[in-house]
Amino acid sequence: MKYLQMFTFWLVLFLSACHSPDQLNSSSHESGKLRVGFDVDDTILFSRDNFLKAPHMSTDPDHVDYGWINLHDSLNSTIIQPVADLIGFLRSQGHDIYFITARPAANGDAVARHLSRSLGFPIVKDVNLFFSPKEKDPVTGHKFTTKHKVISKLGLHIFYGDADNDMVAASVAGVRGVRVVRDARSVEAYSSNYFGDTRSEPKSAAPYSETLYQQFLAKGVGPYGETIYPIYSFPLDTVISLNP
Ligand SMILES: [Mg+2]
């Protein structure tokens, strides 16, 4: 009987060890280690100029050539230094860093190389950089983020991003969402998907004026209840130019 109990115990232990959960967050053996995710555009990269220069695939202003964009960050995008400093701080404490972008994956390796060179540690597509484009609901026609699927699969604990969709993705995935304040130049160029749209005429999809937006920033909380990372704006001289 004793041997049967021992056999059962070791069998259960063996099967438990073989079990491979969908999520990677069963990191009890890594107590205290965080998996921290970051969006790319307007979170770690100020890429407005890259988007403005990109060829369009149609008359739809959103239909830009992402293969071209992913190849040209090294020429047209700059690192947002306060976020790079945050990443350096987190890595110094032993935490793991991931990037999740809604860009399509065409030429995604070029983005990985650019981030690796700029941030000084290896960033590899589909290892710690993930491309997760929006998908359209076939019934409503609304476009929705898919980043929550990657956030869940990676078992992230925190996700930093500038867009409303980043906060939605974090919330759906059940992790802390932190809003990185979008550079004023990007707000001017791409106001949608940012506190609704602070540049729009008031409407249900865009209820927040510039004044209300500033109140959100002053209180440090956003419309999804998210924390706001306090880089409300930063002068040009704090942005490292990566152009040769
Ligand atoms: Mg973004």
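About the criteria used
- Residues numbered from 1 in each chain as written.
- Predicted model: local features only at pLDDT ≥ 70, side-chain atom pairs only at ≥ 80, totals over all residues.
- Heavy atoms only, no water.
- Helix = DSSP H or I, 4+ residues; strand = E, 2+ residues; numbered from the N terminus.
- Areas by Shrake-Rupley, 256 points an atom, 1.4 Å probe, with all protein chains shown as cover.
- Buried < 20%, exposed > 50% of the residue type's maximum accessible area, 1.4 Å probe, protein only.
- Donors = N, O, S within 2.8 Å, 3.2 Å for Na, K, Ca; no water.
- Axes fitted to C-alpha atoms, helices over the stretch in contact; angles between N-to-C directions.
- Parallel < 35°, antiparallel > 145°, perpendicular 65-115°, else oblique.
- Left-handed = near helix turned anticlockwise from the far one by under 90°.
- Contact = heavy atoms within 4.5 Å.
- Nonpolar A, V, L, I, M, F, W, Y, C, P; charged D, E, K, R; others polar.
- 1 Å grid on protein atoms, 1.4 Å probe; cavity = no way out; pocket = protein on both sides within 12 Å on 5 of 7 lines; lining within 4 Å.
- Points joined across faces, edges and corners; volume = space filled by probe spheres on them.
- Pairing = 2+ DSSP bridges.
- Polar contact = N/O pair within 3.5 Å; in protein donor to acceptor, adjacent residues only side chain to side chain.
- Core = buried A, V, L, I, M, F, W, Y, C linked by side-chain atoms within 4.5 Å.
- Phe/Tyr/Trp six-rings, centres within 6.5 Å; stacked < 30°, edge-to-face > 60°.
- Lys NZ or Arg CZ within 6 Å of the ring centre and 35° of its normal.

Peer 1: Residues and numbers for the overall build of the chain, please.
Peer 2: Along the backbone of the chain there are ten helices and ten strands. Here the chain has roughly 13400 Å² of accessible surface; of this, 58% comes from carbon and sulfur atoms.

Peer 1: Would you mind going over the environment of serine 74 in detail, with residue names and values included?
Peer 2: Along the chain, serine 74 falls in helix H4 (residues 73-76). Take serine 74: its relative accessible area is 27%, and that puts it in the partly exposed class. In sequence terms serine 74 and histidine 114 are 40 residues apart; their C-alpha atoms lie 6.0 Å from each other.

Peer 1: Please give an account of the coordination of the magnesium ion that cites residues and values.
Peer 2: Each pair of donors in an ideal octahedron of six around a metal sits at 90 or 180 degrees, and each pair in an ideal tetrahedron of four sits at 109.5 degrees. Taken together, Asp39 (OD), Asp41 (O) and Asp162 (OD) make up the protein donors of the magnesium ion, found 2.1 to 2.2 Å from the metal. Each donor residue of the magnesium ion belongs to the same chain, with the gaps between them written as D-x1-D-x120-D. Comparing aspartate 39 with aspartate 41, the two get one shared label, buried.

Peer 1: Please give an account of the packing of helix H7 (residues 147-154) against helix H8 (residues 164-173) that cites residues and values.
Peer 2: One way to put it is that H7 packs onto H8 with a least axis distance of 8 Å and a crossing angle of 45°. One element, H7, and the other, H8, form an angle in the oblique class. Handedness of the crossing formed by H7 with H8: right-handed. Counted together, Lys147, His148, Ile151 and Ser152 of H7 and Asp166, Ala169, Ala170, Val172 and Ala173 of H8 form the full contact between these two elements. Residues that form the contact of H7 with H8 fall into these classes: five nonpolar, two polar and two charged.

Peer 1: Lay out the layout of surface pockets in plain terms, naming residues and giving numbers.
Peer 2: Looking at the largest pocket, its volume works out to about 1600 Å³. Looking at the largest pocket, it is lined by 49 residues, and the ones nearest its centre are Asp62, Lys134, Asn165, Ser192 and Asn193. Those elements giving two or more residues to the lining of the largest pocket turn out to be helix H2 (48-53), strand E7 (143-144) and H8. Here the element with the most residues in the lining of the largest pocket is H8; it accounts for four residues. Across the lining of the largest pocket, the residue classes tally to 20 nonpolar, 13 polar and 16 charged.

Peer 1: Describe the sheet that holds strand E5 (residues 129-131), naming the residues involved and giving the relevant values.
Peer 2: The six strands are arranged E5-E4-E1-E8-E9-E10 in an open sheet whose pairing can be described as parallel. Of all the strands in the sheet, the pair left with one neighbour each is E5 and strand E10 (227-229). Strand-to-strand twist across the sheet, computed as the mean angle between neighbouring axes with direction ignored, equals 25°. Summarising the sheet, strand E4 (residues 96-101) and E5 pair through three bridges and their orientation is parallel.

Peer 1: Outline the environment of arginine 199, listing residues and values.
Peer 2: Tracing the chain through its elements places arginine 199 in the loop between helix H9 (184-189) and helix H10 (210-219). Residues arginine 199 and glutamate 210 lie eleven residues apart in sequence; the distance between their C-alpha atoms is 7.3 Å. For arginine 199, the residues in contact, after removing those within four places along its chain, are Val187, Glu188, Ser191 and Glu210. Side-chain polar atoms of arginine 199 contact the side chain of glutamate 188, separated by 3.2 Å. Only 3.0 Å separates the side chain of arginine 199 from the side chain of glutamate 210, close enough to count as a polar contact.

Peer 1: Can you explain the nonpolar core? Please cite residues and give values.
Peer 2: Counting residues in each nonpolar core, the largest one holds 28 residues, and the members touching the most others are Phe38, Ile44, Ile87, Phe99, Leu115, Leu119 and Leu129. Going through the elements one at a time, strand E1 (35-38), strand E2 (45-46), helix H5 (81-92), E4, helix H6 (108-119), E5, strand E8 (158-161) and strand E9 (176-180) are the ones with two or more residues in this core. Top contributing element to this core by residue count: H5, with five residues. When near neighbours in sequence (up to four residues on either side) are disregarded, leucine 129 contacts Val40, Phe99, Thr101, Gly108, Val111, Ala112, Leu115, Ile123 and Val124.

Peer 1: Could you give an account of the packing of aromatic side chains, naming the residues involved and the relevant values?
Peer 2: The tally for this structure, following the rule as stated, stands at ten aromatic pairs. Ring plane angle 90° and centroid distance 6.0 Å describe the contact between tyrosine 160 and tyrosine 229, whose orientation is recorded as edge-to-face. One end of the pair, tyrosine 160, is in strand E8; the other, tyrosine 229, is in strand E10, with 69 residues separating them in the sequence. Through pairs of rings, three or more aromatic residues link up here, namely Tyr194, Phe195, Tyr208, Tyr213 and Phe216. Over the aromatic face of phenylalanine 121 sits the side chain of arginine 91, whose NZ or CZ is 3.9 Å from the ring centroid. One Lys or Arg, arginine 179, reaches over the ring of phenylalanine 195 and ends 4.3 Å from the middle of that ring.

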